[in-house]
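Fold and contact review
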Amino acid sequence: MELKQRKESLINHLIDTGVLKTPRIIEAFKKIPRHLFIRKDYIRHAYDDIPLPTFKSQTISQPYTISVMTEALEPKPGEKILEIGAGSGYQAALLGYCVRPKGKIITVELELDLVEFAKKNIKKVKLKNVKVIQGDGKKGYPKESPYDKCMITAACKEIPKPVIEQVKVGGRIVAPVNNFFGQRMMVVDKLSKKKLKKGDLGSFVFVPLR
Ligand code: SAH
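Everything quoted here is computed from the prediction, not taken from an experiment.

For the ligand, the set of nearby residues contains 25 residues, the closest of which are Ser88, Glu109, Asp136, Gly137 and Arg210. For the ligand, an oxygen atom lies 2.6 Å from a polar atom in the side chain of Ser88. In this structure, a nitrogen atom belonging to the ligand sits 3.2 Å away from a main-chain N or O atom of Leu110. For the ligand, whose unbound accessible area comes to 590 Å², protein coverage reaches 99%. Those elements that place two or more of their residues in the shell around the ligand are strand 2 (59-60), helix 4 (90-99) and strand 4 (104-109). For the shell around the ligand, the class distribution of residues is 10 nonpolar, nine polar and six charged.

Spatially, the seven strands line up as an open sheet ordered 5-4-3-6-7-8-9, and their pairing is mixed. The sheet is open, and its two borders are formed by strand 5 (130-134) and strand 9 (196-203), each paired with just one other strand. Strand-to-strand twist in this sheet, taken as the mean axis angle between neighbours without regard to direction, amounts to 20°. Relative to strand 5, helix 5 (residues 112-124) is tilted by about 170°, and along the sheet it contacts strand 4 and strand 5.

Quick notes on the rules
- Numbering of residues begins from 1 in every chain and follows the order in which that chain's sequence is written.
- Confidence filtering applies because this is a predicted model: local features only for residues at pLDDT of at least 70, side-chain atom pairs given and counted only at 80 or more, and all residues used for totals across whole chains, interfaces and linings.
- Only hydrogens and water are set aside; all other atoms, that is, all heavy atoms of the structure, feed into the side-chain values.
- Throughout, near means a residue has at least one heavy atom within 4 Å of the molecule or strand.
- As used in this structure description, the phrase polar contact means that two N or O atoms lie within 3.5 Å; if the pair is within protein, one of them must be able to donate a hydrogen and the other to accept it, and residues adjacent in sequence are counted only when both atoms belong to side chains.
- Using the Shrake-Rupley algorithm and a 1.4 Å probe, accessible areas are obtained, with residue cover drawn only from the displayed protein chains.
- Secondary structure elements are defined from DSSP: runs of H or I of at least 4 residues count as helices, runs of E of at least 2 residues count as strands, and each element is numbered from the N terminus.
- Lys, Arg, Asp and Glu make up the charged group, whereas Ala, Val, Leu, Ile, Met, Phe, Trp, Tyr, Cys and Pro make up the nonpolar group; the residues left over, Gly among them, are polar.
- When DSSP finds two or more bridges between a pair of strands, those strands are recorded as paired.
- Angles run from 0 to 180 degrees between N-to-C directions of axes, and those axes are lines fitted to C-alpha atoms, restricted for helices to the stretch in contact.
- The contact criterion used is simple: two residues touch if any of their non-hydrogen atoms lie within 4.5 Å.

Have a look at this one:
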């Protein structure tokens with residue numbers, strides 16, 4: 001099967017199983033081809049619903065997981081969103097498509113090789129509203145704060161305090177957080193400066209936030 005057909009069939013599968021719901025997010029999955037964010041040696045698996053290696057023992061998440069997280073974050077046009085863990089740049093590009101034309105994505109990545117990989121991949125889809133920054137995402141990225149929302153794509157022990165501070169009141173954070181039961185996908189709404197409402201979307205597997 002051609003990549004194009006494989007892409008269509010993966011997206012249809014994610015829609016049919018009820019994971020992908022929002023028209024703008026579905027459009028983003030159609031317009032941002034995952035195979036442009038995959039290492040050459042794994043391209044044939046670009047539209048399999050599995051995580052794939054990037055570099056430095058890191059991964060690009062499984063399309064199912066990316067769908068769940070993107071739907072949970074509810075990205076809207078005009079929003080400014082912080083991502084922690086740019087990896088391949090694919091998640092940032094999907095978000096960039098959802099918030100365009102006026103919204104903006106700042107994605108922070110620790111590994112220099114992956115910063116370059118993400119930048120190169122994002123260029124291919126011609127999105128001008130996604131900025132890749134090298135740094136430690138545990139500190140957030142104060143320079144561009146405040147953010148409407150944040151997505152963390154590596155498992156953390158707890159959501160880093162600077163990240164909570166840099167998200168606006170009324171904003172949302174989606175992140176895999178380690179607890180007694182393993183890694184849980186948490187949806188955290190910042191109701192006020194001190195008050196957080198936490199939801200749990202179930203168990204997922206991520207590389208750790210370092
Ligand atoms: N969102 C990515 C997948 C991310 S995998 C995609 O769409 O492809 C998690 C990434 O988090 C890895 O690339 C890893 O290098 C990065 N990471 C781990 N700890 C980090 C930290 N403290 N700050 C920023 N990035 C970090």
